Each structure stands twice: as structure tokens, then as C-alpha cells.
Amino acid sequence: MEKRTVAQKLHIDMPLLFGIVVLCCIGLVVLYSAGGQNLHLVIRQAVIMTVALLLLFLTAQINPYQLQRWSIWFYLLGIILLIIVLLAGYTGKGAQRWLNLGLFRFQPSELMKLGVPMVMAWFIAGSQVPPNIGRVLLGCVFIIVPVLLIAKQPDLGTAVLVGAAGFAVLFISGISWRFIISVMVLIASAMPVIWYFMHDYQKRRVLTFLNPEQDPLGAGYHTIQAKIAIGSGGLFGKGWLNGTQSHLEFLPERSTDFIFAVFSEEFGLMGVVLLIAIYGYVIGRGLWIAMNAQETFGKLLASGLIMTLFVYVFVNIGMVSGQLPVVGVPLPLISLGGTSIVTLMLVFGILMSISTHRRMLSSQV
Amino acid sequence: MSIQFEFKDIVEETRQVKRRVLITGIAMLLLFGFLITRLIYLQIIQHDHFITLSQNNRVKVVPIAPIRGLIYSRDGVLLAENQPAFSLEVIPEKVNDLDVLLSEISLIIDIREDDIARFWKSLREKRRFESVPLKFNLNEAEVARFSVQNHRFPAVEVIARPYRRYPENELTAHIIGYVGRIDDNDLQTVDVSNYLGSTHIGKIGVEKAYENILHGQVGHQQVEVNAQGRVIRVLERTPPIPGKNIFLTIDIGLQKIAMKSLQGKRGAIVAMDPANGDILALVSAPSYDPNLFVNGIDYETYNSLLSSKDTPLVNRALQGTYPPGSTIKPFLGLTALTYGIREPDDTIWCPGWYRLKGSSHLYRDWKREGHGEVDFNYAIMQSCDVYYYDTANDLGITRLHDGLVNFGFSNKTGIDIGGEAAGLLPSPEWKRKTYDQPWYPGETLIAGIGQGSLLVTPLQLVNATASLANNGKLYAPHLAAVSADQISHERNDIQTIRSSEIGIYQAAQWEIIKQAMIDVVHGERGTARGSGYNSKFRMAGKTGTAQVIAIAQDEEYKEEDIPEELQDHALFIAFAPAEEPSIAVAVIVENGGSGSSSAAPIARQLFDYYLAGYQEG
């Protein structure tokens, strides 16, 4: 029996923690520049990160077995809250995502970023793997219900994240390629229907994405300015605090969803490649945890959660660099904003929990 | 058995999941690769393109208006200057409640309804951080009053901007003209990029004609701006090149005397240096205050200027066309000598009237009883109409017309400030074209005494007179002499003196006509002899009295019976000193009566001033 290290006793996955801390540090540095050298903003973000890290450690202490048991209840609570959000009235600017809990506002859709992979892992692991067609279809319902509820808010970005995590679990569980391909064909043919149900601003975003220049001062402004910021960064960038696009306020949402443009402008392609490499490292570590998890539930949940992180990164960079529609997904651990950081730290916490809670194989069999 | 099967299943399951996780990982790697490819495209391949776009985004070129050149008289009196005028301006973004602010300010400074209306209008056109003028032209008391209270209004500033001012007011209005706010028409005549920072442009007169010299070259400031257009810092500055100062040919003393002599009258005076075409004085009376036009004249004032019976806005010296009356005689006489129609010693008998053969119509002489025996000299000196009826009749309208064209009549003189009328020399072709009527011989006679359809401008008249003074050299008249750089003070001649020779006349003939004109002033019987007494120099001149209305055959012209605006125009042309002329003038007093009594004394005053230092010999 190998000797357990301190980290293992504390249920901390050191390689993963390292990647997370590095990303947080990069995030604070970029935020200082993007936020107009507002130290208050950076300190507030650092406080949020610290609190979220504490949550990570707490989550890591929970045994995956407990998570597995809570999964369905956690999921159902999320669904109920999503329905309440929809019924609670339609305020705000075209989207109702928030639930006011008095002390702080809370987005139930964030719950589903954890809830969907959890319930899917619980559902699939509860029976034989790979699942049969009937269970796959039932699993699809587990995914599609919250995805539609979230898309209706409307919050396309979160809907994509949640859906991707859910389907990642299905994929990992080993469903047949034939099934996967048929579903893809089905989705392709359902596109026009989805288009029909889209909000105007979502349609506009898609159209703008296809040809941003057609509305340079309106819908296409974000994309064009972001591309200018990225492109003008060049190989080595303009240097920290020297981004003209961001500091002269041409770039909208530069502290939040479009912070990647600030990063690219100031640190250039070299910085960007390094950043993507760090994300790749964290995701790789997540996949390693998934592969080496002891139980099916752990494997599936870890895969679903790490898929969430990947989609975060991919959709954000894709949209900022003008390859994907602008759907409002933050850059993980770098964009300003507490909600996504807390969610991500919980994700990492669960990953650490899966990675560090190992029972002796003998005791399991 | 069952345990073993389950175990196999778990192994198989683990392998399957591992494979899928691996596939997922590879897919993720490929997608990240795709992102990086895209970023390479943006940051390396398209880098130059986006760098340009980003520069365009942040760098704005802000024009800086050059300082307009000043205008001086030839003797260095300032005629157009740039004076700071104070305006009260508000920066909207620093104000919480504009209404409150305006009411508080109006307790300190009188702000009118239309000030407020204009303020709200320009507020909408400007950005939040750009200052919006609330009141223009604050006087010193208002500036002082506000400055004391300024600490209460951090959003309000008193700003001094240079505005054009014409210190001599109406004295030089018809020469200098004025600048006004640039409008769309102006922009079509200039290089728009050079006027990006400018608010005013020359509208008329010297200000307009020499706009290119006075305006200068716009400067540029490359500034870094943010997305709202707010200037963050200045990157580069190309200073504007100020416009050049202009020294006019105008002698301000002479101008003042000329102006004063037409005080309360309508008329025009142009004085010119016959040796080069320099305009020494140019007056059109009444005049107006050009300062009214600089920042936009209000409707009522403009309307009263426009509708005034005395038409102060019309530049009579350039645009006024008058029958020259008898002042045409020296030019016609010279033409007659040249064509051999008259010899200096030929005489005719003047009975006080002239009648064409086969006609009963009598063409009267101004002297009812007649001049008797009249030769060439006497006909000029006494301004005998009958002599010139006969001369015109003998010349015929074609030669009469052509002869006068030689002196520049019916053609624009080409004065540098432009805006002049061409006048009119009637001819049979002209009459056929204009009225579709044949030319009658009687009209030739009327033209012979400078009446009828014959019309000249005061400028043409002085120009022709100058050509008599210098034996047939016609100069293009001009008002601007020298430009002076505001920085280096380097002076450059603006004019290349242009002249043309009236070559057809012989030297002796010039002397004959000059002598006749000297006798007009200094001869015992000269019509302007009253203006020649006691002069230190000799003048050569010719009086003229132009009828405004036709007098019936049997009627007599009685000044007291005729309303003022129908009374005769008084004209006088002259140059002095007669032997070596340095000044030529044309004086027209509208409805002033006779040339000898109203116009000639003015010319004498001008000469006395201008030739004060003259020593004969």
C-alpha cells in the first residue's frame, strides 16, 4: 500500500491546483489592464477567487459516492429553480436568469453546469455500460429539458455548456458511433426549427457572426473591434497595459466576455499559445483524472465536467476571435465575474474529489 | 462465475471509457489547434491590416486653424485685425442640471431667449465633453462679473477666440469687405481640407480676393482618442502656417478725406496712381459697418441695409454705372483728333443748339445762349455740347464706340477685388440685339455728350483718366500691394503690374488734350476754374453733369423744381500735377447738381492732401 501524501489526505490534486492557480494569477494580471488599472476591481476578483478556492477545498472533501447519491435531487432542485426563474417574471434586458435570494443573486442555470453531468453520470453508471438505446434516449431527455429551459431565458452560452457536458457523459459511456452519427444528422435537420425558436437578438448575433461587417456600429461592433484588438497584437503583443483597443474603450465588455481580446492585444500570439497550453494542461489533467477514476460514476462525471471547462474556453476564444457567434460565455478564471468562477471551482473541487477518493479495489469487490 | 463475468465487464468497460476519453482529448486538441490556426491568421498573417485599423481607431487628426493675416493701409494703419472676443461656454458633462445652471448664470450675465435657444440647439450637435457656447461677445464688464463668480460654475468657462474686427468700421468696408461664417458655397471654391479648422472665410472685397494669402495653411494635431472621441493625448503636431499680412495701396488719409467729402451724400470717389494702377482711395457712399457681418448679421439690421434707398451695401465705385456726361469729352476729342475728324484749330459756331440735317429736333447746349466760335481747346474748357454733337455726328457711332473702347470703357478694368460692373458703350449691334431696333443718328449725338445709354463705372472713369495722365498707358487697378509674412516679416509684391498701351494716339495729341484739361481748371473760362485757385500744383480735369431725367424740348432744367433723387449727377475727373501726374481721381456725387460745383472741389481737397509736399519743378 502506497503512502498517502499530505495533499492526498487533504484531497487536493496538486497538478490540477497548480494549473488553476496559474490561470487565476494570469486572470488578475489581465483584469488589472482590462479594467483600466482599477485595483479595487482586481482585489474584489482576488477575494472572489479565494472564497471560490475555499469552496473547491470543501467540495473536494465530499466523497464521490455522496455526490452520486445526491445527483438526482440536485438535478431536480435545479429544474425547479429554472422553472421558477421562468415564471418569476420577465424583467431586465431581454433575459431573465437571476433569482434574488436577498443576500445575493443566483443563477440556477449555473447549478445545471454541475447538475446535468452529475445526473447523467449517476443515470448511466446506475446500469450497464454502455447503456442501451432506451436509456440513451431517456438520458437525452435529462439533458434536453434543462437545456431548453436555459435557452428560453435566454442564455445560449450556458445552454451550450450544459448540453455539451451532458452529451460528453453519453459519449464517454461508449454509446455506439452509429447512434452518434444518426443524432448528428437529426440535429442538422432540426437546425431550421431551432432557428425559428431563437430570439431576435440571438438570430442577429448569428447573422452578425456570419458577416459582422454588415453592421459595424451595431451588432458587428463587438466582433470587429475584438478582431482588431487580437490582430493588432501580432506575435509578441503591445505589452501589458499598452493595448490601445482596450484602453481607449473601443473594445466593449473588455473585462468580462471579451477579456481574451485584451489579452491577445497585449501579449500577442506567444501569450495566446501559452494561455491555451495552460488550459490544455488543466483539461488534460482533468481527462487523466477521468481515465484513472476508480468508478464508472467518477469517470463519467469527470469527463462531463472537464468538457464544461473545454467548451468554456473554446466558445469564448472562438467567439472573441470571430469564429463562433457571440453567445456570452466568459473566459474561465480570467473574465471578471463571480458566478462562473464559483461554478468552475466547484467543478475542480469535484474533479479533485474524484481524483483523491480512492477505495481499495479489494474492498469494493 | 458471475463475479468473473462482472470483472471482465469492468475491464472491458474501463477500456471502452479510456478509449472514449482519449478520443475526446484528441478532439479537444484538434479544436484548440483550430483556434490557434485562426489566431495565427489574425495575429501574424493579417497583422498589418489590423494594426492599421487599430491606428485608425485611435488616432484622429484634429485640424488647427491658422491665424488670419492682417490688413494694413499702405502707410501701415491697421484695417483688419484679429481681436479676442469673449464667449461664455458650458461643458455639458460637468453639469448635473442645465436648467438650474442657466438660471443661475442669468443672474450674473444677461442671457437672452435666443442665446438659450441657440445653446440647446448646439448642445444636441456636440459631444458631452465639448464646450457649447452660451453667449458670444461678452463685454469687459460681463467678463469681470463672471470671473468673480467662476468658482461656483466649474462647468462654465469664459473663452477668448480671435474674431475679425475692422477698426476703421465703414471707412474701408467697400475695399476690405468682410469675412463671414463659412457656408456650403464657400467650400466649393476652396480646398476643403485647408479649411477644416476654420470658421470664417472672406466673403467680399480684399478679404475674399486675397483669401489664399490671408488664410494661411491649416495645421494638424494627431491625437489619440478613445471610443467616445475624447482626446487622450497629443501624438504629433504640425503647427499651422499663419496667413500673410497684406499692405494695401490705400492711403488712409486720402481715404478719410474722400469719405468725409461724401458725408451725407451718395456717390463714389476713386483715386489712383496713374504710374502703376495703385488705388489710393476708394469710397462708395454711404457705406456700412463690416463688423456686423463677421458673426452673422441679425435679420432686422440686414434687412434695413438691404432696403435702404441709399443702398449702402452697393459698391458704387465698382458696381455703380453712371452716364459719364461731359467727362467723356476728352476721350472723344482725342478719338476725333486721331481719326482726323477734327484738327485742334478747327472751329465751329455754337448757337446754343444743334440740329441734324432733315430734322427739326433741337439738341441743346448746356449754355442756352451758345458758346459762339469754339475750337478744340475751348470746347473742352467750356464743355461745349454743340461741338461734341457735331464731332460725334462726324465720327459716327462705330468710330465713337471703338475709340472709347480703347480707354477701357465697357470692359472690366480687372481690379483685383473683382465684383465690378462692365458699364455700357452703345452700338448699333448692341441696340439691335437688346431692343431689336435700328440705331438712330440722334443717339450718336447724345452719346457724344456722355448721355443716353452710355454707362461707365467710377473705376473705369479714373482708369481712363489715368491713361490720359500717362499718355495712353492703361494699368490694371489694384488694391493690394505687398504681402508680409507674419513670422519672418518677409515682404513680397503681390502685384505684377499689368499695363496695356493705347498705341493709336500721337504724342502731340496727348499734349493737346492735357492742355485743354488744364485749362478746364486753370483757364480763365474753365468750367472748374473755381477749384483751381491758389493751388501749388497744376491740375488737369474735366467736369461732367449727367442728367438723370430727360428734359423736354422747351423746358428748362430748374434744380429747385426737381426732386433730389432725379437731380443731375455731378462728375469730375482729374489728375495732378498736370506735368508729372502722381494721382488721378474720378468723383461722382449722385444727384449732386453740376460737376463744377459739387465734384471738382472734392478733387481739389484730395489733391491738396496728397500733394501737400509737392514742390513745383
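Residues numbered from 1 in each chain as written. Chains lettered and ligands numbered in written order. Predicted model: local features only at pLDDT ≥ 70, side-chain atom pairs only at ≥ 80, totals over all residues. Heavy atoms only, no water.

What about the overall build of chain B?
For chain B, the helix and strand inventory stands at 21 helices and 25 strands. Here the C-alpha coordinates of chain B stretch approximately 160 × 55 × 50 Å along the principal axes. The buried share of chain B, taken over its 617 residues, is 51%. Partitioning the intrachain contacts of chain B with sequence separation of at least 6 by distance along the chain shows that 72% fall at a separation of at least 24. Carbon together with sulfur atoms contributes 51% to the accessible area of chain B, which is approximately 28,800 Å² in total. (Helix = DSSP H or I, 4+ residues; strand = E, 2+ residues; numbered from the N terminus. Buried < 20%, exposed > 50% of the residue type's maximum accessible area, 1.4 Å probe, protein only. Contact = heavy atoms within 4.5 Å. Areas by Shrake-Rupley, 256 points an atom, 1.4 Å probe, with all protein chains shown as cover.)

Section: the overall build of chain A
Helix and strand content of chain A: 15 helices and two strands. Across the 365 residues that make up chain A, the buried fraction comes to 54%. Across chain A, every contact between residues at least 6 apart in sequence was considered, and the portion connecting residues at least 24 apart equals 74%. Total accessible area computed for chain A in this model is approximately 15,800 Å², and 70% of it derives from carbon and sulfur atoms.

So, the pattern of salt bridges
For the structure on display, the rule yields 22 salt bridges over all chains. Between A:R285 and A:D13 there is a salt bridge, and its shortest N-O distance comes to 2.6 Å. Residue A:R285 is located in helix α12 (residues 259-292), and its partner A:D13 is located in the loop between α1 (6-9) and α2 (14-34); the two are separated by 272 residues in the primary sequence. For A:R285, a relative accessible area of 18% puts it in the buried group. Looking at A:D13, the relative accessible area reads 3%, which means it is buried. Here B:R342 ties to B:D394 by a salt bridge, and the two come within 3.0 Å at their closest N and O atoms. (Salt bridge = Lys/Arg side-chain N within 4 Å of Asp/Glu carboxyl O.)

A closer look at the pairing of strand β14 (residues 279-285) of chain B
Residue and element names in this part refer to chain B. Across the seven residues of β14, seven count as buried, placing the element largely inside the fold. Both strand β13 (residues 267-272) and β14 contribute to a ladder of six bridges, which runs antiparallel. Bridge assignment links A271 to a residue of β14, and that residue is A281. Where β13 folds back onto β14 in an antiparallel hairpin, the turn is made up of six residues, including G277, whose phi is positive at roughly 90°. (Pairing = 2+ DSSP bridges.)

Re the interface of chain A and chain B
Each partner contributes residues to the interface: chain A has 51 residues there, and chain B has 36 residues. Here chain A packs against chain B, burying approximately 3,900 Å² in sum over the two surfaces, 73% of which is carbon and sulfur. Taken together, the links from chain A to chain B amount to zero salt bridges. Where chain A meets chain B, there are ten residue pairs in polar contact (both at pLDDT 80 or more). Mapped by element, the contributors of at least two residues to the side of chain A that touches chain B are α7 (156-172), α8 (177-197), α10 (221-233), α11 (244-247), α12 and α13 (296-320) of chain A. (Buried area = accessible area lost by both parts, 1.4 Å probe. Polar contact = N/O pair within 3.5 Å; in protein donor to acceptor, adjacent residues only side chain to side chain.)

Topic: the sheet that holds β14(B)
Residue and element names in this part refer to chain B. Strand order in the open sheet made by the five strands is β14-β13-β25-β24-β23, with antiparallel pairing throughout. Of all strands in the sheet, those bounded by a partner on one side alone are β14 and β23 (540-546). Between one strand axis and the next, the sheet turns through 5° on average, direction left out of account. Helix α10 (residues 252-261) rests against β13, β14 and β25 (583-589) of the sheet, and its axis sits at about 25° to β14. (Axes fitted to C-alpha atoms, helices over the stretch in contact; angles between N-to-C directions.)

Let's talk about the packing of aromatic side chains
Applying the stated criterion to the full structure yields 24 aromatic pairs over all chains. Note on A:F171 and A:W177: the rings are 5.4 Å apart at their centroids and 70° apart in plane angle, and the pair reads as edge-to-face. Above the ring of A:F123, the side-chain terminus of A:R135 is found at 4.3 Å from the ring centroid. The cationic tip of B:R20 hangs over the ring face of A:W177; the distance from NZ or CZ to the ring centre is 4.8 Å. (Phe/Tyr/Trp six-rings, centres within 6.5 Å; stacked < 30°, edge-to-face > 60°. Lys NZ or Arg CZ within 6 Å of the ring centre and 35° of its normal.)

Some details on unusual backbone geometry
Residue and element names in this part refer to chain B. Residue A285 is joined to P286 through a cis peptide bond whose omega torsion reads 0°. Turning to its location among the elements, P286 is positioned in the loop between β14 and α11 (291-294). Of note, the bond from A576 into P577 is cis; its omega dihedral lies within 30 degrees of zero at -20°. Inspection of the secondary structure assignment puts P577 in the loop between β24 (569-576) and β25. In this structure, T311 is a non-glycine residue whose phi angle is positive, near 40°. As for its placement among the helices and strands, T311 is situated in the loop between α12 (299-307) and α13 (316-319). Relative accessible area serves as the criterion here: at 29%, T311 is assigned to the partly exposed category.

Description of the side chain of B:E207
Considering the arrangement of structural elements, one finds B:E207 in helix α8 (residues 205-209). Residues in contact with B:E207, not counting those within four places in the same chain, are B:R68, B:I71, B:A80, B:R164, B:Y166, B:I176, B:G177, B:Y178, B:V179, B:G202 and B:L214.

Points about the packing of helix α16 (residues 385-406) of chain B against helix α18 (residues 441-448) of chain B
All names here are of chain B. Their axes nearest at 8 Å, the elements α16 and α18 cross at an angle of 110°. On the basis of their axis angle, the class for α16 and α18 is roughly perpendicular. Contacts from Y388, Y389, A392, N393, G396, I397 and L400 of α16 reach α18 at T444, L445, A447 and G448. Considering only residue class, the contact of α16 with α18 consists of seven nonpolar, four polar and no charged. (Parallel < 35°, antiparallel > 145°, perpendicular 65-115°, else oblique. Nonpolar A, V, L, I, M, F, W, Y, C, P; charged D, E, K, R; others polar.)

Quick look at the nonpolar core
Core analysis: the largest hydrophobic core is formed by 126 residues, its most contacted members being B:L248, B:F407 and B:F409. Among the elements that take part in this core, α16(B) stands out by supplying nine residues, more than any other. When sequence neighbours within four positions are dropped, the list of residues in contact with B:F407 reads B:F331, B:L334, B:T335, B:A464, B:S467, B:L468, B:L474, B:I502, B:Y505 and B:W510. In terms of nonpolar packing, the next biggest core, distinct from the first, is built from 116 residues, A:C24, A:I278, A:F297 and A:M345 among them. (Core = buried A, V, L, I, M, F, W, Y, C linked by side-chain atoms within 4.5 Å.)

Let's talk about the side chain of B:S531
Take B:S531: it is sitting in the loop between α20 (507-522) and β23. Beyond its immediate stretch of four places on either side in the chain, B:S531 contacts B:V521, B:M539, B:S596, B:A600, B:P601 and B:R604.

Digging into a nonpolar patch on the surface
Where nonpolar side chains cluster on the molecular surface, the patch consists of A:L235, A:F236, A:M270, B:I40, B:Y41, B:I44 and B:I45 and spans about 670 Å² of accessible area. Here the nonpolar patch gets four residues from one element, more than from any other, and that element is helix α1 (residues 2-45) of chain B. Summarising the element assignment, A:L235 is placed in the loop between α10 and α11. Residue A:L235 is classed as partly exposed on the basis of its relative accessible area, which comes to 33%. (Patch = residues over 30% accessible without salt bridge, like charges linked within 9 Å, V, L, I, M, F, W, Y side chains within 5 Å.)

Overview of the environment of B:A464
All names here are of chain B. Among the structural elements, A464 can be located in helix α19 (residues 458-469). Between the C-alpha atom of A464 and that of E93, which follows or precedes it by 371 residues, the distance is 64 Å. Filtering out sequence-adjacent residues up to four positions away, A464 remains in contact with F331, F407 and F409.

Details of the domain arrangement of chain B
Its domain assignment divides chain B into domain 1 (2-45), domain 2 (83-164) and domain 3 (252-610). For domain 2 of chain B and domain 3 of chain B, the distance between their C-alpha centres works out to 54 Å. (Domains from an automatic or database assignment.)

Considerations on the packing of α10(A) against α12(A)
All names here are of chain A. Taken N-terminus to C-terminus, the directions of α10 and α12 make an angle of 20°; their axes are 6 Å apart at the nearest point. As judged from the angle between their axes, α10 and α12 are roughly parallel. Here α10 and α12 pass one another in a crossing that is left-handed. Here A226, A229, I230, S232 and G233 of α10 lie close against α12, whose contacting residues are F260, A261, S264, E265 and G268. Considered class by class, the residues forming the contact of α10 with α12 number five nonpolar, four polar and one charged. (Left-handed = near helix turned anticlockwise from the far one by under 90°.)

Comments concerning α10(B)
Residues and elements named next belong to chain B. Within α10, seven of the ten residues are buried, which leaves it mostly tucked inside the rest of the structure. For α10, every residue scored as buried is listed here: I252, G253, L254, Q255, A258, M259 and S261. Among the structural elements, β3 (78-90), α6 (173-176), β13, β14, β25 and α21 (595-610) are those in contact with the buried residues of α10. Among the residues of α10, the N-terminal cap falls to D251, whose side-chain oxygen and the backbone nitrogen of G253 are separated by 3.0 Å.

Structural notes on the pairing of β24(B)
All names here are of chain B. Counting buried positions along β24 yields eight of eight residues, so the element is predominantly enclosed. Two strands pair when backbone bridges link them, and β23 and β24 are joined in this way by seven bridges, in the antiparallel orientation. Looking at the pairing, A546 lines up with H569 of β24. In terms of strand pairing, β24 meets β25 through seven bridges, oriented antiparallel. Bridge pairing in β25 places F572 opposite V587.

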